[in-house]
Amino acid sequence: MTAVILFLIGSVFLITGALKVVYSRPFIAHVRNLGILPRALNEVAASLFIQLECGIGVALILSIFTIELVPILIGLIFVLSILSAWGVNSGRVEDCGCYGGWLNLTLKQSLGLNFLYLLLLVISWW
């Protein structure tokens, strides 16, 4: 059961990362619009985040370092959910940016999916 959950969540991370690789400009703009980093770092930070997202996806799919990765991922999804809510509510961005411009979810939809991912990760970790 745990392997299936991690495979599904890993697939989501890998697919969303791959979408951002192919179509990165909207995600870079999203990071810039959040305004939390100096302008000179926006493109580098977006690129690093995309690489991290793809790496996490592959690690989950292949069940590599899952004992260490799952609790970190739980914290990361929680923090990114707060960042998304703040960005949307402050008017800096229109959506979570999770799907790189290919799919624009409302804040409620994004937070709902994140809650589902968190729930599944907690179940797999337990």
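In this text, all values refer to a predicted model and were calculated from it rather than measured experimentally.

1. Focus on the nonpolar core
Consideration 1: By size, the foremost hydrophobic cluster in this structure holds 17 residues, and its most contacted members are Ile9, Phe13, Ile56, Leu60, Leu73, Ile77 and Leu121.
Consideration 2: Elements supplying a minimum of two residues to this core: helix H1 (2–22), helix H3 (42–61), helix H4 (66–89) and helix H5 (107–125).
Consideration 3: A per-element tally of this core places H4 first, with five residues.
Consideration 4: Setting aside residues up to four positions removed in sequence, Leu60 forms contacts with Leu6, Phe7, Ile9, Gly10, Thr66, Leu69 and Leu73.
Consideration 5: Counting five residues, the second largest nonpolar core, distinct from the first, contains Phe27, Ile28, Val31 and Ile50.

2. What to know about the pattern of salt bridges
Where side chains of opposite charge bring their charged atoms close, a pairing between them can arise.
Consideration 1: Enumeration over the complete set of coordinates arrives at two salt bridges.
Consideration 2: With a closest N to O distance of 2.7 Å, Lys20 and Glu53 form a salt bridge. Here Lys20 is found in helix H1, whereas its partner Glu53 is found in helix H3, with 33 residues between them in sequence.
Consideration 3: Here Glu43 makes a salt bridge to Arg25, at a shortest N to O gap of 3.6 Å. Note that Glu43 is positioned in helix H3 and Arg25 in helix H2 (residues 25–34), a separation of 18 residues in sequence.
Consideration 4: Overall, Glu43 belongs to the partly exposed group, its relative accessible area being 44%.

3. Quick notes on a nonpolar patch on the surface
Consideration 1: A cluster of nonpolar side chains, namely Val21, Val22, Tyr23, Trp102 and Leu103, defines an oily patch on the protein surface of about 550 Å² accessible area.
Consideration 2: When you line up the elements, Val21 lands in helix H1.
Consideration 3: Given a relative accessible area of 53%, Val21 falls into the exposed group.

4. Structural notes on the packing of H4 against H5
Helix packing for two helices is described by the angle between their axes and how far apart those axes are.
Consideration 1: Taken N-terminus to C-terminus, the directions of H4 and H5 make an angle of 165 degrees; their axes are 10 Å apart at the nearest point. What the angle tells us is that H4 and H5 run roughly antiparallel. The crossing of H4 and H5 is left-handed. Of the residues in H5, those in contact with Ile67, Val70, Pro71, Leu73, Ile74, Ile77, Phe78, Ser81, Ser84, Ala85, Val88 and Asn89 of H4 are Leu107, Leu111, Asn114, Tyr117, Leu118, Leu121, Val122, Ser124 and Trp125.
Consideration 2: Looking at the contact of H4 with H5 residue by residue, the classes come out as 16 nonpolar, five polar and no charged.

5. A word on H1
Consideration 1: Spanning 21 residues, H1 covers 30 Å between terminal C-alpha atoms, matching the ideal 30 Å at 1.5 Å per step.
Consideration 2: Among all positions in H1, only Ile5, Leu6, Ile9, Gly10, Ser11, Phe13, Thr16, Gly17 and Lys20 are buried.

6. Re the confidence of the model for the chain
Detailed reading of the predicted model is not advised wherever pLDDT is low.
Consideration 1: Here the chain averages 88 in pLDDT, while 98% of its residues score no lower than 70.
Consideration 2: H3 holds the highest mean pLDDT among the elements of the chain, 94, whereas H2 holds the lowest, 88.

Calculation criteria
- Residues numbered from 1 in each chain as written.
- Predicted model: local features only at pLDDT ≥ 70, side-chain atom pairs only at ≥ 80, totals over all residues.
- Heavy atoms only, no water.
- Core = buried A, V, L, I, M, F, W, Y, C linked by side-chain atoms within 4.5 Å.
- Buried < 20%, exposed > 50% of the residue type's maximum accessible area, 1.4 Å probe, protein only.
- Helix = DSSP H or I, 4+ residues; strand = E, 2+ residues; numbered from the N terminus.
- Contact = heavy atoms within 4.5 Å.
- Salt bridge = Lys/Arg side-chain N within 4 Å of Asp/Glu carboxyl O.
- Patch = residues over 30% accessible without salt bridge, like charges linked within 9 Å, V, L, I, M, F, W, Y side chains within 5 Å.
- Areas by Shrake-Rupley, 256 points an atom, 1.4 Å probe, with all protein chains shown as cover.
- Axes fitted to C-alpha atoms, helices over the stretch in contact; angles between N-to-C directions.
- Parallel < 35°, antiparallel > 145°, perpendicular 65-115°, else oblique.
- Left-handed = near helix turned anticlockwise from the far one by under 90°.
- Nonpolar A, V, L, I, M, F, W, Y, C, P; charged D, E, K, R; others polar.
- Expected span 1.5 Å × (residues − 1).
- pLDDT = per-residue confidence, 0-100.

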